[in-house]
Structure formats: structure tokens, C-alpha cells
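Working through the structure, step by step
Residue strings, one per chain:
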Amino acid sequence: MSDVAATHDHALAEAGSMPGVDNRKFGVWLFIASEVMFFMALIGMYLAYRGQASWAEFHHALDIPLTAKIRLGWDTDTLNYALIARIVEENGGALVAVHGRSRSQGYGGEADWDAIAYVKQMLKIPVIANGDVKTVQDIHAIQALTGCDAVMIGRAAMGNPWIFARQERSAVTPAMVC
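Notes on the structure follow. (Residues numbered from 1 in each chain as written. Predicted model: local features only at pLDDT ≥ 70, side-chain atom pairs only at ≥ 80, totals over all residues. Heavy atoms only, no water.)

Some words on the pairing of strand S3 (residues 127–130)
Neither face of S3 is open: one carries Val 127 and Ala 129, the other Ile 128 and Asn 130, and all of them are buried. Alignment of strand S2 (residues 95–99) against S3, held across four bridges, turns out to be parallel. Within S3, the position partnered with Val 96 by the bridge is Val 127. Between S2 and its parallel partner S3, the chain crosses via helix H5 (residues 113–122), and the hand of that crossover is right-handed. Both S3 and strand S4 (residues 150–152) contribute to a ladder of three bridges, which runs parallel. Note that in S4 the partner of Ala 129 across the bridge is Val 151. In this fold, the crossover linking S3 to S4 by way of helix H6 (residues 136–146) has right-handed handedness. (Buried < 20%, exposed > 50% of the residue type's maximum accessible area, 1.4 Å probe, protein only. Helix = DSSP H or I, 4+ residues; strand = E, 2+ residues; numbered from the N terminus. Pairing = 2+ DSSP bridges. Right-handed = clockwise from strand over helix to strand, strands pointing away.)

What to know about the packing of H5 against H6
A pair of packed helices is captured by two measures, namely the crossing angle of their axes and the spacing between those axes. At a closest axis distance of 8 Å, the pairing of H5 and H6 adopts a crossing angle of 50°. Here H5 lies oblique to H6, going by the angle between them. Note that H5 runs across H6; the crossing there is right-handed. Of the residues in H6, those touching H5 at Trp 113, Asp 114, Ile 116, Ala 117 and Lys 120 are Asp 138, Ala 141, Ile 142, Leu 145 and Thr 146. Broken down by class, the residue content of the contact of H5 with H6 amounts to six nonpolar, one polar and three charged. (Axes fitted to C-alpha atoms, helices over the stretch in contact; angles between N-to-C directions. Parallel < 35°, antiparallel > 145°, perpendicular 65-115°, else oblique. Left-handed = near helix turned anticlockwise from the far one by under 90°. Contact = heavy atoms within 4.5 Å. Nonpolar A, V, L, I, M, F, W, Y, C, P; charged D, E, K, R; others polar.)

Things to note about the packing of helix H4 (residues 81–90) against H5
Relative orientation of the contacting elements H4 and H5 amounts to 35°, with a least axis distance of 10 Å. Viewed along their axes, H4 and H5 form a crossing whose handedness is right-handed. Residue-level inspection shows Tyr 81, Ala 82, Ala 85, Arg 86 and Glu 89 of H4 in contact with H5, the latter providing Ala 115, Tyr 118, Val 119 and Met 122. When the residues that make up the contact of H4 with H5 are grouped by side-chain class, the tally is seven nonpolar, no polar and two charged.

Overview of the packing of aromatic side chains
Per the stated rule, a full pass over the model turns up zero aromatic pairs. Across the ring face of Tyr 107, the terminal group of Arg 71 is positioned such that the distance to the ring centre comes to 5.3 Å. Between the NZ or CZ atom of Arg 103 and the centre of the ring of Trp 74, over which it lies, the distance is 4.5 Å. (Phe/Tyr/Trp six-rings, centres within 6.5 Å; stacked < 30°, edge-to-face > 60°. Lys NZ or Arg CZ within 6 Å of the ring centre and 35° of its normal.)

Looking at the nonpolar core
Formed by 31 residues in total, the largest nonpolar core has its most connected members in Ile 70, Tyr 81, Val 96, Val 98, Val 119 and Leu 123. Elements supplying a minimum of two residues to this core: strand S1 (67–70), H4, S2, H5, S3, H6 and helix H7 (156–159). If near-sequence neighbours (up to four positions away) are discounted, Val 96 is found in contact with Ala 68, Ile 70, Val 119, Leu 123, Ile 125, Pro 126, Val 127 and Ile 128. (Core = buried A, V, L, I, M, F, W, Y, C linked by side-chain atoms within 4.5 Å.)

Some remarks on the sheet that holds S1
Spatial strand order, S1-S2-S3-S4: four strands in an open sheet with parallel pairing. Edge positions in the open sheet fall to S1 and S4, since each of these has one partner strand only. With direction set aside, neighbouring strand axes in the sheet form an average angle of 25°.

Things to note about the environment of Lys 120
Locating Lys 120 in the fold gives a position in helix H5. The spacing of Lys 120 and Thr 146 is 26 residues in sequence and 6.9 Å in space, taken between C-alpha atoms. If sequence neighbours within four positions are ignored, Lys 120 has contacts with Ile 125, Val 127, Thr 146, Gly 147, Cys 148 and Asp 149.

Okay, here's the thing in C-alpha cells:
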């Protein structure tokens, strides 16, 4: 098992044993987890209102797939992406997109592609990798490292919409734009 996998398995084990854990340390984790549970409770209330009994029935009643885009967690001390990704999958999610940064990182620092690879190894549903994909070479690199099923490109497309055609901006001529 890689160091990354061992670290993330340990984080899941700690999260699973919350009653014996100092809640001050995991206060933000509890907040994030409670947001997910709150969302699930809202859906549960909707299901009860509609006379449907389960997430599976809700999932089958929709004409569109349920998907999620997540970050790694709130900050480096509260990385809960493995748990949230598992919740998405276990509750009928069709895919999960993982942005390789925490919320506190915003768009700074480097995206953690190893964490995205861990989610891909862990889940059976498709995983979309996101974060620090700025060039055509980055597309190939993130796919090779993570084994992801697809790549999501965000802000880099504003400066280079040709990235979707797998072309670098520097290779685009004025004739190609007009």
C-alpha cells in the first residue's frame, strides 16, 4: 500500500470512530460531514413527501444521473474526500469529479493528483480529475497519474479555449480564430 493510500485509510478510520475522538480537532470535519448529511436529510424529507422510501427509488425516479463535484476537504487538517466520495457512490451517484485542492487553498498551491488517484482506486463509478490542468501535456499527465475516466478543465479554458481541441494557445493562428 502506498503512503498516500495508508494516510487516507487512516483518515477514514479516524472519521469512522468519531465517538472516541477529540471533537475539537475534527470540528470542521463534523461541519462538512453534517452538510452532506443535512443534504441527504432534505432529500429524505422530499422522498417521504413524495411517498418514495429510499435513495434508490429517488435515483430511479430521476431522468438524469446524480453526480457530485468535491474538493479534498475544508483544509489540510480536515481532508474528508474519501468519505464523501464513498457516500456519493453508495447513494447512487453516477460519477464524482474531484478537485485536487481543499477549500482553504482556493486556487492556490498545487492540486493533489495523488488524492484523485486514491479516489479513482477506491470507487467503481467514474472519476473526473480536476485541478492544475492548464496545458495539453497536463491532460495527459493527470490521466496517466490518476487513471481517471475524464478530465475537467476550469479556469485554463478562459485563456485557451482551444485546449478542448488539444491545441496549445501558442499553436493557434489568427486564421483559426476567425
